[in-house]
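# Coordinates in review
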Amino acid sequence: MKKHHWHRLTVEEAASHLQADLEAGLSATEVERRLKQHGPNALTEKKQRSPAQMFLDQFRDFMILVLLAAALIAGLIGEASDTLAIVVIVVLNAVIGFVQEYRAEKAMALLRQLAAQQALVVRDGQARQLPAAELVPGDLVLLEAGQIVPADLRLIEAARLRVAEAALTGESVAVDKHSSALEDAQLPLGDRANLAFKGTSVSTGRGRGLVTATGMATELGAIADLLQRQQEVRTPLQKRLTVFGKKLALAVLAVCAVVFAVGLLRGEEPLLMLLTAISLAVAAIPEALPAVVTISLALGARKLVGQNALIRKLPAVETLGSVTRICSDKTGTLTLNRMQLEQVYSAGRLSRPQQLDPVTQADLLRALALSNDAREDGAGQWLGDPTEIALVAAAKARGFDKTALLADWPRVAELPFDAERKCMTTIHRSPDGRLVSYTKGASDLLLERSVQLADGAPLDRARAEQVNARLSGEGLRTLALALRWWTELPEPLTAETVETGLGLLGLVGLLDPPREEAREAVRLCQSAGIEPIMITGDHPLTAVSIARRLGLLAAAETADRAGAVLSGRELATLTDEELESRVERVRVYARVAPQQKLRIVKALQRQGQFVAMTGDGVNDAPALKAADIGIAMGITGTDVSKESADMVLLDDNFATIVKAVKEGRRVYDNIRKFIQYTMTSNSGEIWTLFLAPFLGLPIPLLPIHILWINLVTDGLPGLALAAEPAEPGLMARPPRPPGESVFARGLGGHILWVGLLMGAVTLLTQAGCLRAGCDHWQTLVFTVLCLSQMGHVLAIRSQRQSLFQQGLLGNKPLVGAFVLTFVLQMATIYVPALNPVFKTEPLTAVELAIALALSSVVFVAVEIEKFIKRRRPAI
Ligand code: ATP
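All of these numbers come straight from a predicted model, not from anything done at the bench.

Before going further, it helps to spend a moment on the pairing of strand E7 (residues 201–213). Extensive coverage of E7 is indicated by the burial of 10 of its 13 residues. Direction of pairing for strand E3 (residues 140–144) relative to E7: antiparallel, over a ladder of 5 bridges. Bridging across to E7, Leu142 finds its partner in Arg208. Pairing of strand E4 (residues 152–164) with E7 involves 10 bridges; the strand directions are antiparallel. Following the sheet pairing, Glu157 is matched in E7 by Arg208.

To continue, consider the sheet that holds strand E20 (residues 531–535). Strand order in the open sheet formed by 8 strands is E8-E25-E24-E23-E9-E20-E22-E21, and the pairing between neighbours is mixed. One side of each edge strand has no neighbouring strand; the edge strands of this open sheet are strand E8 (309–311) and strand E21 (565–567). Each adjacent strand pair in this sheet contributes to an overall mean axis angle of 20 degrees, direction not counted. Sheet topology places E21 next to strand E22 (residues 588–590); 3 bridges connect them, and they run parallel. Each residue of the ladder has a partner; that of Leu566, found in E22, is Tyr589.

The full count for this structure, using the stated rule, is 41 salt bridges. Residues Asp669 and Arg733 are paired through a salt bridge, measuring 2.8 Å at the closest nitrogen-oxygen approach. Placement of Asp669 in helix H27 (residues 654–694) and of Arg733 in the loop between helix H29 (715–720) and helix H30 (747–772) is noted, with a sequence separation of 64 residues between them. Across this residue pair, the class does not change: Asp669 and Arg733 are buried. Residues Lys673 and Glu727 are paired through a salt bridge, measuring 2.9 Å at the closest nitrogen-oxygen approach. Taken as a pair, Lys673 in helix H27 and Glu727 in the loop between H29 and H30 lie far apart in primary sequence, 54 residues in all. Neither residue differs from the other here; Lys673 and Glu727 are each classed as buried. Bridged by salt links that share partners, the residues Glu23, Glu157, Arg206, Arg208, Asp373, Arg411 and Glu414 form one connected network.

Time to look at the packing of aromatic side chains. Counting across every chain of the model gives 8 aromatic pairs. Arranged with centres 4.6 Å apart and planes meeting at 45 degrees, the rings of Phe244 and Phe743 form a pair that is tilted. Taken together, the positions of Phe244 in helix H9 (residues 236–265) and Phe743 in the loop between H29 and H30 put the pair 499 residues apart, joining distant regions of the chain. Note on Phe244: relative accessible area 26%, which makes it partly exposed. By relative accessible area, which is 19% here, Phe743 ends up buried. Cluster of aromatic residues (ring-pair linked, three or more members): Phe55, Phe59, Phe98 and Tyr102. One Lys or Arg, Arg434, reaches over the ring of Trp485 and ends 4.0 Å from the middle of that ring. Directly above the ring of Tyr668 sits Arg736, whose terminal nitrogen or CZ lies 3.4 Å from the centroid.

Mapped onto the fold, Gln126 is located in strand E2 (residues 126–131). For Gln126, a relative accessible area of 38% puts it in the partly exposed group. With 701 residues separating them along the chain, Gln126 and Ala827 place their C-alpha atoms 67 Å apart. Residues in contact with Gln126, not counting those within four places in the same chain, are Val121 and Gly378.

Next up on the list: the site of the ligand. Looking at the ligand, there are 19 residues lining it, with Glu388, Lys440, Arg477, Thr536 and Asp538 nearest. Here Asp538 contributes a side-chain N or O atom positioned 2.8 Å from an oxygen atom of the ligand. Protein chains shield 89% of the accessible area of the ligand, which is 600 Å² for the free molecule. Where the shell around the ligand is concerned, the elements lending two or more residues are strand E16 (435–442) and strand E18 (477–486). With 3 residues, E16 is the single largest residue contributor to the shell around the ligand.

This part takes up the packing of helix H4 (residues 62–77) against helix H10 (residues 270–284). With their axes 9 Å apart at the nearest point, H4 and H10 run at an angle of 160 degrees to one another. By the angle between their directions, the pair H4 and H10 is classed as roughly antiparallel. Both H4 and H10 take part in a crossing whose hand is left-handed. Residue-level inspection shows Met63, Ile64, Val66, Leu67, Ala70, Ala71, Ala74 and Ile77 of H4 in contact with H10, the latter providing Leu271, Leu275, Ile278, Ser279, Ala281 and Val282.

The rules behind the values
- Residues numbered from 1 in each chain as written.
- Predicted model: local features only at pLDDT ≥ 70, side-chain atom pairs only at ≥ 80, totals over all residues.
- Heavy atoms only, no water.
- Buried < 20%, exposed > 50% of the residue type's maximum accessible area, 1.4 Å probe, protein only.
- Helix = DSSP H or I, 4+ residues; strand = E, 2+ residues; numbered from the N terminus.
- Pairing = 2+ DSSP bridges.
- Axes fitted to C-alpha atoms, helices over the stretch in contact; angles between N-to-C directions.
- Salt bridge = Lys/Arg side-chain N within 4 Å of Asp/Glu carboxyl O.
- Phe/Tyr/Trp six-rings, centres within 6.5 Å; stacked < 30°, edge-to-face > 60°.
- Lys NZ or Arg CZ within 6 Å of the ring centre and 35° of its normal.
- Contact = heavy atoms within 4.5 Å.
- Near = heavy atom within 4 Å.
- Polar contact = N/O pair within 3.5 Å; in protein donor to acceptor, adjacent residues only side chain to side chain.
- Areas by Shrake-Rupley, 256 points an atom, 1.4 Å probe, with all protein chains shown as cover.
- Parallel < 35°, antiparallel > 145°, perpendicular 65-115°, else oblique.
- Left-handed = near helix turned anticlockwise from the far one by under 90°.

Put into structure tokens, the structure is as follows:
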């Protein structure tokens, strides 16, 4: 499609250039044709790594390259079979690494795909939600507050539409949009107020526009290269492990140098000693730890999707385990958001909606239908906000159909709903030519703005407030409806001029039952040392009633006195210091404006809390960004809130947050177990090789043994630890301090002492065999060290429970890895063809039994360690 100065065209000209229909949108066949012509509406992404590239990357580790070079030299000088064996082991190791990384990559691709942007499009006369990638030029797109503009658009309607274009122009103030043609051909992008650009976000209002460009043809596409240079995010744990790994590498290299030097002094062959030292370095430097963290997190994130939590930023999986406060919205998250109109108060009495009289209460019924953005699709289904649907449906049941009414009472202007004002107004021309504004919103706020009843009679304010308190106290969401007549359109059209001096039509009370599973989730949080906190735009009494039913507030009367409930209005009067002194006690924030959420997050964080915060609107974005874990709603959330969040709840459900926290804790536990296993194994190998010469023993293991144990037999059970199920009591312990070292709570000590024990058992085997004159002492040493590590992996599956309490079959992948590793180890001993490769000899039955007995020492010792832990209280 030719490049036009779209902003200079009128709406009709733009439509005719685009061959688009301003009401019905494009037809399905036309869309298909255009999609072929223009391609998907997506920015071309940075090239993903191909599987081959990913495999080759496994060899990028410096020490592996040194090892391969040394093996090659050794092969050229000495035996080629040794070199070949080393290469095979290194490749096997790379295959294990590759498979893991590939799975993680696939998991991440799935997450990206699920997080893809959606757009609201009219096609064939029907509005529908579609992936934004399917848009084509000429499509008719609907815009609402909170959306990210899905393509470049020529606006054809703009109702108080303001768009934040910082992503494109860097300008932080949102731009007011309109649909009239502009003159100047050279206007900068930021001034082309009748266009909306892909990637910018709608701050307020509503609009419709025709797609003028998609994908790389958009203004955003033109600068897409700039956006590709995103830094790879590293989690706190990865950062710490990288720093730690570097220090450890130096220490290991020093130990290897000593092993090499002492070996030479003892008269060992230099080339063999060199290969031994390098193999030990490869084995003991935990190069792969940060990568393992990524893989575990990615697989954890993959699992979480199945539980309706979509992770947008990988570090969130890790930090979830540290959450101490979950600040949650009420409507839809703690409750079902299945609104039902229960009570109506008008003309001085309370009634059920079915009792509303179409004649005497026509004004109220009309307001319910008209001050409403819910729309009916072709199939008689209502689309929109559940609160509004409840109202518009109740009006229709009494004969006030919105669509029919609009023909006689057209909407001429509006002040769209925003969570700050907590109300909305629509202005209609009445059949007699006058104008009427209908305002609908938070009951207490509208009561303050009402000066009389709608028919001009005096307003019994005390009675209305009493009814409001009664309905709210029953947990109902209460809204008020009011009207005001005008002879001409109020100027300026702002909340201050329009939403004041109102005539009250009535109050309505809507029932929104708490979610069944939220109660149990609240209890689980509390046992896990996490306090759930409700933050709502609703009335304090409604909020308290629901909070009490969920167990979030113990007893409302005492809770009130203890300062457990804080209203937005009170909060506004508090200084930051005052808020900080109260924030620890508050469990319910009511009638809060979205901006105040940011203050709450910051106050909690200053008190040392690790905060998860939910949000759905545009104005929630700053709080979501500031929170340690920002959580957006998948169903009702705006694009802007999702973009700012670390996690999206696909089912909008509070219980899902708690599940995610649990999964986060499990993943972190298992990463720790992996570290515990591999580092203890490494420590065992280092102790063995380092101490042997000082005890007057020959080098206990050949390079091939070290590599085999470390890269193959260690690898499989270690990875299978990631599948370890959550430990019992996982949600009965307090959250992990965010800054806590991964080696805290005894892990560092464990690695050292169990490693030393492993080394001692191995060296004892060696010394005993040598003294007894056993020929194949090296095979025995090799077997004992390998099997000791296998015993260790079984013992550390749980931090506290014994293996027998836990059951042997709880982690099937580990059982598989264990059996496979055992079989492989036996193969190196008993398969004749492998004997020359591994320099092993078959063990006799007695020798094998001795090896098994000796290698169970480590298992028994760690079980005793856990037994002692169990007798102490949990930490
Ligand atoms: P949460 O508990 O998740 O904060 P909420 O729906 O109470 O949800 P908002 O959406 O910010 O929070 O609404 C704030 C208040 O505005 C509501 O309590 C209600 O009184 C009023 N309100 C909500 N939706 C509408 C609407 N569509 N029209 C008019 N008023 C509304």
